[in-house]
Amino acid sequence: MAKVMLLCGKICSGKTTYCNKLREKERAVLLSCDEVESRLFHQSLGDRHDAVTADIKGYLRQKAAEIAAAGCSVVLDWGFWTRAERADISRFFQDQGIPYEWHYIAVSPEAWQRNIAARNAAVLAGETRDYYVDEGLLEKIQAAFEPPAREEMDFWYQG
């Protein structure tokens, strides 16, 4: 039976790598908010970033429901930083009668800093279309991210 796999974790925690492995293992469709932003807006959202991201997430969750209802599993890769966001999307899939599971990518502070440094180096070298993680974004993440409780997650992966 098709299901939706939801990935929770900070930016640069290893979510996308994990998602790609999960997508292959489960033969699922991967829907990534970052991918849509990068391909359509080329890192040029500026002050519109949060509003556009909310629209993309709404669209992708509808698509995830359609794809799962059609019989193909889906991986949603966008972090789910807050308890409220996790509870909202859980209710959405429950109401649709679509099975779902939560995956958390935990990362130590040291590994997180290494991942951020590696990403930023790749961005500066032109090796990736990802966006640069500056101090402002780090502050935003630290203020917004609410680590999940163990009982919220079905799978807990140490990145």
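The following refers to the structure shown. (Residues numbered from 1 in each chain as written. Predicted model: local features only at pLDDT ≥ 70, side-chain atom pairs only at ≥ 80, totals over all residues. Heavy atoms only, no water.)

Details of helix α6 (residues 135–144)
Within α6, burial applies to Leu137, Leu138 and Ile141. Projected down its long axis, α6 shows its buried positions confined to an angular sector of 100°, all on one face. Exposed side of α6, more than 90 degrees from the buried face: Glu135, Glu139, Gln142 and Ala143 are the residues found there. Check the buried side of α6 and you find it contacts α5 (109–124). Taking the backbone nitrogen of Gly136 as reference, a side-chain oxygen 3.2 Å away marks Asp134 as the first, capping residue of α6. (Buried < 20%, exposed > 50% of the residue type's maximum accessible area, 1.4 Å probe, protein only. Helix = DSSP H or I, 4+ residues; strand = E, 2+ residues; numbered from the N terminus. Arc of directions from axis to C-beta. Contact = heavy atoms within 4.5 Å. Polar contact = N/O pair within 3.5 Å; in protein donor to acceptor, adjacent residues only side chain to side chain.)

Notes on the pattern of salt bridges
Taken as a whole, this structure holds 9 salt bridges when the rule is applied. It is possible to trace a salt-bridge network through shared partners that takes in Lys3, Lys25, Glu26 and Glu101. (Salt bridge = Lys/Arg side-chain N within 4 Å of Asp/Glu carboxyl O.)

Focus on helix α1 (residues 15–26)
End to end, α1 covers 16 Å across 12 residues, agreeing with the expected 16 Å (1.5 Å per residue, within 8%). What α1 keeps buried is the set Lys15, Tyr18, Cys19 and Leu22. Angularly, the buried residues of α1 cover 100° about the axis, an arc narrow enough to put them on a single face. Structural note: α1 exposes Lys21 and Glu24 on the side pointing more than 90 degrees away from its buried face. Along its buried surface, α1 packs onto β1 (4–8), β2 (29–32), β3 (74–79), β4 (100–106) and β5 (155–158). In the segment just after α1, Arg27 is the residue with positive phi, at about 55°. (Expected span 1.5 Å × (residues − 1).)

Points about the packing of helix α2 (residues 33–41) against helix α3 (residues 49–69)
Viewed as axis vectors pointing N to C, α2 and α3 meet at an angle of 120°, and their least axial separation amounts to 10 Å. Relative to α3, the element α2 is oriented oblique. As α2 packs across α3, the resulting crossing turns out to be right-handed. Facing Cys33, Val36, Glu37 and Phe41 of α2, the residues of α3 in contact are His49, Val52, Thr53, Ile56, Lys57 and Leu60. Tallied by class, the residues present in the contact of α2 with α3 amount to 6 nonpolar, 2 polar and 2 charged. (Axes fitted to C-alpha atoms, helices over the stretch in contact; angles between N-to-C directions. Parallel < 35°, antiparallel > 145°, perpendicular 65-115°, else oblique. Left-handed = near helix turned anticlockwise from the far one by under 90°. Nonpolar A, V, L, I, M, F, W, Y, C, P; charged D, E, K, R; others polar.)

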